[in-house]
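# Residue-level structural notes
What follows is each chain in one-letter form.
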Amino acid sequence: MNNGYLEEIMNQAVDGVRRGLESHDPKMEPEEIGRILSVAQGVVQAKGMRSVGAEELLMLGPDVPGMALDIMPDSVGIALLGSGEGLSAGDEVVRTGRVLDVPVGKGVLGRVITPLGKPLDGNGLIASEKRLAVEREAPLILHRAPVDTPLQTGIKVIDTLIPIGRGQRELIVGDRQTGKTAIALDTICNQKGADVICIYCAIGQRSSSVARAIEELKRRGAMDYTVVVVVEGGDPAGLQYIAPYAATSIGEYFMHQGKDVLVVYDDLTRHAQAYRQLSLLLRRPPGREAFPGDIFYIHSRLLERSTRLKPEQGGGTLTALPIIETEAQNISAYIPTNLISITDGQIYLNPDLFQKGTLPAVDVGVSVSRVGGRAQLPAYAKVAGDLRLTYSQFQELEAFARFGTRMDEDTRAKLDHGLRVREILKQKRFSPLTAGQQAAVLLAVTKGLFGPVDLSRILEAEEHLLGHLAESRGDLDSLARADRDDPMWDGLVDEIRTILETME
Ligand SMILES: Nc1ncnc2c1ncn2[C@@H]1O[C@H](COP(=O)(O)OP(=O)(O)OP(=O)(O)O)[C@@H](O)[C@H]1O
Ligand SMILES: [Mg+2]
């Protein structure tokens, strides 16, 4: 190599070092340090740190983060985000000068993390593009567009009667063990190939339930496009409190890139309870059911962040499926009513239906979707147009029929039809149907084509029908987009009639 070249490189290096030294400006910065006054279950009171900011990240030990929640003239209330074991009065609290944040971007897909972005899956550090604050402003109303694209759950009763649109907030509410998580997980798994990024945020659950959910997502190939944010029941209340906001920030990052995102919060009852615990320990005045006065605000602030952005803003969407657990079917308790008023509808799961084996146990009469109907695919207008009305009339009739009243022919026919509709709306777990398949099956039931089939064999007939149609018509995709006046429908009715008549 030639010497001149080496010399030039040396000179450049020396120059670089000199410039670095010249621009270096050693400053003494006072680091504000506080002292712990008291420690109680997940909450610490500290003094000092006069200019601490709201929601600032504080360090109470090398590995014990905390968040400034209550800023008083002479003390700071801190929610612990790690174990408080070993902390005692007099210990140091160090300010970091930054708010809580989470890693976001492609690197978090397929990962299981804590709300602070620590990996829980043993697959090493998260390769994040960026970090975003956990608490962020909701998109401006000016930047929002109406919902216009369906988010298919693959569950017949939901996609036909309580349709969800991308950018909508739909509450899943019901007593314990009624299939709430099952609906959410089935919906996530149905997004495979639909180009929707999913985030499953597990709050305050037992670790065995969380492990089962993760296992299911993996087994069904949903982890490729899913992030799981986990905080368990035994974790500090502060960590449970920030979890849904962190999950939303992860989703927002993708939404602002123009992507479609689905976030499941499982569940917000636990979230509200964690916040109540924090508030009581911070001695905030308790209100109804001992919840603090701002409990409505913490949930509205969260769900305000899901929306559909205008095309000029990239056109991304963030759909929210918050889950709430009721006690003894009381949907008018404090937290459920709050959430019902914040969301664009609710899917109510009834334990009585669950017991009778009507699964999924969606109570059609109490469930509603206030915006999704506008986004439904055209075929549903044809096949499910008046299904809701006929079904609720059937339920009334059925209640009457229980008294053993004599019925005329017409009533009996209506009852018989209703029973078939109810049977066809049943669906096993892990068996999502595409919009085209749903359209075919619902066409069959609304046109009374299941008439000759015995009630106990309806679901078997459904399988038989779909098998045949797959052979004769392929993936049925065009069916879902067919207009209600499309001449194709008549031919399909004839074909289905023949298929069902030839069932053994
Ligand atoms: N459509 C279905 N078909 C068959 N079984 C179902 C269906 N939906 C849910 N289940 C079963 O019901 C049980 C309860 O479901 P799941 O855990 O989803 O309820 P949950 O309301 O989330 O319960 P928890 O209150 O414990 O969170 C599970 O064993 C699940 O497999
Ligand atoms: Mg559950």
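In this text, all values refer to a predicted model and were calculated from it rather than measured experimentally.

### Side note on the site of ligand 1
Taken together, 13 residues surround ligand 1, and among them Gln-177, Gly-179, Lys-180, Thr-181 and Ala-182 come closest. In the model, an oxygen atom of ligand 1 is placed 3.0 Å from a nitrogen or oxygen of the Thr-178 main chain. In isolation ligand 1 offers 640 Å² of accessible surface; the protein chains occlude 69% of this area. The pocket occupied by ligand 1, as judged from atoms lying within 2 Å of grid points, is the largest pocket. Considering each element in turn, the shell around ligand 1 owes the most residues, three residues, to helix α3 (residues 180-189). Of the residues in the shell around ligand 1, the class split is four nonpolar, five polar and four charged.

### Overview of empty space enclosed by the protein
One pass over the full model with this rule turns up one cavity of 30 Å³ or more. When its volume is computed, the largest cavity comes out at roughly 40 Å³. Taken together, Pro-150, Leu-151, Gln-152, Asp-159, Pro-163, Ile-164, Gly-372, Ala-375 and Gln-376 make up the full set of residues lining the largest cavity. For the lining of the largest cavity, the per-class residue count stands at five nonpolar, three polar and one charged.

### What about the sheet that holds strand β8 (residues 112-113)?
Strands sit in the order β8-β12-β11-β13-β14-β10-β15-β16 across an open sheet of eight strands; the sheet is mixed. The sheet terminates laterally at β8 and β16 (368-369), the two strands that pair on one side only. Two elements, strand β13 (residues 260-266) and strand β14 (residues 317-325), share six bridges in a ladder whose sense is parallel. Residue pairing for β14: Tyr-265 is matched across the bridge by Pro-322. Where helix α5 (residues 237-255) meets the sheet, it contacts β8, β11 (196-205), β12 (226-232), β13 and β14, and its direction lies at approximately 180° from that of β11. Each of β11, β13 and β14 is contacted by helix α6 (residues 268-281), which is oriented at about 75° to β14, the strand it contacts most.

### So, helix α14 (residues 458-473)
Over its 16 residues, α14 runs 21 Å from end to end, which matches the ideal 22 Å to within 8%, given 1.5 Å per residue. Among the residues of α14, those classed as buried are Ile-458, Ala-461, Glu-462, Leu-465, Leu-466 and Leu-469. The arc that holds every buried residue of α14, seen down its axis, measures 135°, which confines them to one face. For α14, the exposed residues lying more than 90 degrees away from the buried face are Glu-463 and Glu-471.

### Thoughts on the domain arrangement of the chain
By domain assignment, the chain separates into domain 1 (33-99), domain 2 (102-376) and domain 3 (381-501). A C-alpha centroid distance of 60 Å is found between domain 1 and domain 3.

### Some remarks on the pattern of salt bridges
Summed over the entire model, instances satisfying the criterion amount to 29 salt bridges. With a shortest N-O distance of 2.8 Å, Arg-305 and Glu-252 are connected by a salt bridge. Here Arg-305 is found in the loop between α7 (295-303) and β14, whereas its partner Glu-252 is found in helix α5, with 53 residues between them in sequence. A relative accessible area of 1% places Arg-305 in the buried class. Note that Glu-495 and Arg-473 form a salt bridge whose closest N and O atoms lie 2.8 Å from each other. Note that Glu-495 is positioned in helix α16 (residues 488-501) and Arg-473 in helix α14, a separation of 22 residues in sequence. Connected through salt bridges with shared partners, the residues Arg-144, Arg-169, Glu-304 and Asp-344 form a single ionic network.

### Some thoughts on the nonpolar core
Ile-188, Phe-450 and Trp-489 are the most contacted members of the largest nonpolar core, which has 71 residues in total. There are two domains that each give this core at least three residues, and those are domain 2 (102-376) and domain 3 (381-501). Setting aside residues up to four positions removed in sequence, Ile-188 forms contacts with Cys-198, Tyr-200, Leu-217, Ala-222, Tyr-225, Thr-226, Leu-262 and Val-264. Tyr-241, Phe-254, Leu-278 and Ile-295 belong to the second largest nonpolar core, which has 59 residues in total.

### Some remarks on the packing of aromatic side chains
Aromatic ring pairs: the centre-centre distance and the angle between the two ring planes describe each pair. Across all of its chains, the model carries five aromatic pairs by this definition. Summarising the aromatic geometry, the rings of Tyr-241 and Tyr-245 are spaced 5.6 Å apart at their centres and angled 70° between planes, so their arrangement reads as edge-to-face. Here the residue Tyr-241 and the residue Tyr-245 both occupy positions in helix α5, the gap between them amounting to four residues, near one helical turn. Taking the relative accessible area as the measure of exposure, Tyr-241 reaches 3% and is therefore buried. Overall, Tyr-245 belongs to the buried group, its relative accessible area being 1%. Note on Tyr-241 and Tyr-275: the rings are 4.8 Å apart at their centroids and 25° apart in plane angle, and the pair reads as stacked. Of the two residues, Tyr-241 sits in helix α5 while Tyr-275 sits in helix α6, which places them 34 residues apart along the sequence. Of the residues examined, Tyr-275 reaches a relative accessible area of 3% and is grouped as buried. Grouping aromatic residues by their ring pairs yields a cluster made of Tyr-241, Tyr-245 and Tyr-275. Its guanidinium or amino end placed over the ring of Phe-430, Arg-219 lies 5.5 Å from that ring's centre, counting from NZ or CZ. Against the face of Phe-291 rests Arg-276, its NZ or CZ located 4.3 Å from the ring centre.

### Considerations on the pairing of strand β15 (residues 345-349)
The element β15 is extensively covered by neighbouring structure, given that five of its five residues are classed as buried. Here β15 shows no split at all, with Gly-345, Ile-347 and Leu-349 on one side and Gln-346 and Tyr-348 on the other all buried. Relative to β16, β15 runs antiparallel, the two sharing two bridges. Of the residues in β16, the one forming a bridge with Gly-345 is Ser-369.

Parameters and conventions
Residues numbered from 1 in each chain as written. Chains lettered and ligands numbered in written order. Predicted model: local features only at pLDDT ≥ 70, side-chain atom pairs only at ≥ 80, totals over all residues. Heavy atoms only, no water. Near = heavy atom within 4 Å. Polar contact = N/O pair within 3.5 Å; in protein donor to acceptor, adjacent residues only side chain to side chain. Areas by Shrake-Rupley, 256 points an atom, 1.4 Å probe, with all protein chains shown as cover. 1 Å grid on protein atoms, 1.4 Å probe; cavity = no way out; pocket = protein on both sides within 12 Å on 5 of 7 lines; lining within 4 Å. Sits in = over half its atoms within 2 Å of the grid points. Helix = DSSP H or I, 4+ residues; strand = E, 2+ residues; numbered from the N terminus. Nonpolar A, V, L, I, M, F, W, Y, C, P; charged D, E, K, R; others polar. Points joined across faces, edges and corners; volume = space filled by probe spheres on them. Pairing = 2+ DSSP bridges. Contact = heavy atoms within 4.5 Å. Axes fitted to C-alpha atoms, helices over the stretch in contact; angles between N-to-C directions. Expected span 1.5 Å × (residues − 1). Buried < 20%, exposed > 50% of the residue type's maximum accessible area, 1.4 Å probe, protein only. Arc of directions from axis to C-beta. Domains from an automatic or database assignment. Salt bridge = Lys/Arg side-chain N within 4 Å of Asp/Glu carboxyl O. Core = buried A, V, L, I, M, F, W, Y, C linked by side-chain atoms within 4.5 Å. Phe/Tyr/Trp six-rings, centres within 6.5 Å; stacked < 30°, edge-to-face > 60°. Lys NZ or Arg CZ within 6 Å of the ring centre and 35° of its normal.

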